[in-house]
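Below are the chains, spelled out letter by letter.
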Amino acid sequence: MGKGRIFHDLAAGVAAGATGTTALNAITYLDMAVRGRPASGLPEKTVDALTERLHVGLGPDEDARNREQGLGPMLGILTGIGVGLAYGLFRHSVRRVNGPAAAAGVGLAAAVASNLPMTSLGLTDPRTWGIGGWVSDLIPHLGYGAATVAAFELMRAGR
């Protein structure tokens, strides 16, 4: 396994993570449209909590709110790309995987990677979500996992 292959697998992981993020967003927006539910405010609250802890200002009140609305979703994009990158590294090391198991594992990894910071900051408590909250969180993340694994394997097969 040469250097070129690891870079290819890492790049494929990044692209696959972006694909998975798009799938997660599409599933989430479809859920919002079908059920008429509002967007979560947790990404913006996460940005607010992080900037407060890091003593970083985002500007005057309206500018700060607008920046939080932009940076909140960016955290999700970075998480999705990061989990995809980690999957690329994993697949570089592990020759064969079971597709459905890999998809479930990647989806659960993304769920943990996105929820752990918000839980650690005290913004949410998964123990209080109820079945509807868990379903609303897990289905998009499992969709992320399926899309990420499928995209990675397609890119790898094309070499």
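Above this text is the structure in question.
This one's a predicted model, so the numbers in the text were calculated from it and none came from an experiment. (Residues numbered from 1 in each chain as written. Predicted model: local features only at pLDDT ≥ 70, side-chain atom pairs only at ≥ 80, totals over all residues. Heavy atoms only, no water.)

Chemist: Just checking my understanding: could you explain the nonpolar core for this structure?
Modeler: Nonpolar side chains in soluble globular proteins generally cluster together in the buried interior. Counting 13 residues, the largest nonpolar core has Val83, Tyr87, Val106, Tyr144, Val149 and Phe152 as the members making the most contacts within it. The contact partners of tyrosine 87, leaving out residues within four places of it in the chain, are Val97, Ala102, Val106, Val149, Phe152 and Glu153. (Core = buried A, V, L, I, M, F, W, Y, C linked by side-chain atoms within 4.5 Å. Buried < 20%, exposed > 50% of the residue type's maximum accessible area, 1.4 Å probe, protein only. Contact = heavy atoms within 4.5 Å.)

Chemist: Explain the pattern of salt bridges to me, please; I cannot follow it from the model alone.
Modeler: Any two side chains of opposite charge can pair if their charged atoms end up close together. Scanning all chains against the criterion turns up 6 salt bridges. Here the residues in one salt-bridge network are Arg5, Asp9 and Arg156, joined through shared partners. (Salt bridge = Lys/Arg side-chain N within 4 Å of Asp/Glu carboxyl O.)

Chemist: Help me out: how do you make sense of the layout of surface pockets in this one?
Modeler: Where empty space is left can be seen by rolling a probe of water-molecule size over the atoms. Approximately 1,100 Å³ is the volume found for the largest pocket. Along its surface, the largest pocket is lined by 37 residues, and Leu24, Ser40, Pro43, Met118 and Asp137 are the ones closest to its centre. For the lining of the largest pocket, the secondary-structure elements that each account for two or more residues are α1 (3-35), α2 (42-54), α3 (61-93), α4 (99-120) and α5 (130-157). Taken together, the residues of the lining of the largest pocket break down into 17 nonpolar, 16 polar and 4 charged. (1 Å grid on protein atoms, 1.4 Å probe; cavity = no way out; pocket = protein on both sides within 12 Å on 5 of 7 lines; lining within 4 Å. Points joined across faces, edges and corners; volume = space filled by probe spheres on them. Helix = DSSP H or I, 4+ residues; strand = E, 2+ residues; numbered from the N terminus. Nonpolar A, V, L, I, M, F, W, Y, C, P; charged D, E, K, R; others polar.)

Chemist: Would you mind showing me how to read the packing of aromatic side chains here?
Modeler: Tallying each qualifying case throughout the model produces 3 aromatic pairs. On the numbers, 4.8 Å between centres and 50 degrees between planes, the contact of tryptophan 129 with tryptophan 134 is tilted. The partly exposed category is assigned to tryptophan 129, whose relative accessible area is 21%. Residue tryptophan 134 is classed as partly exposed on the basis of its relative accessible area of 35%. (Phe/Tyr/Trp six-rings, centres within 6.5 Å; stacked < 30°, edge-to-face > 60°.)

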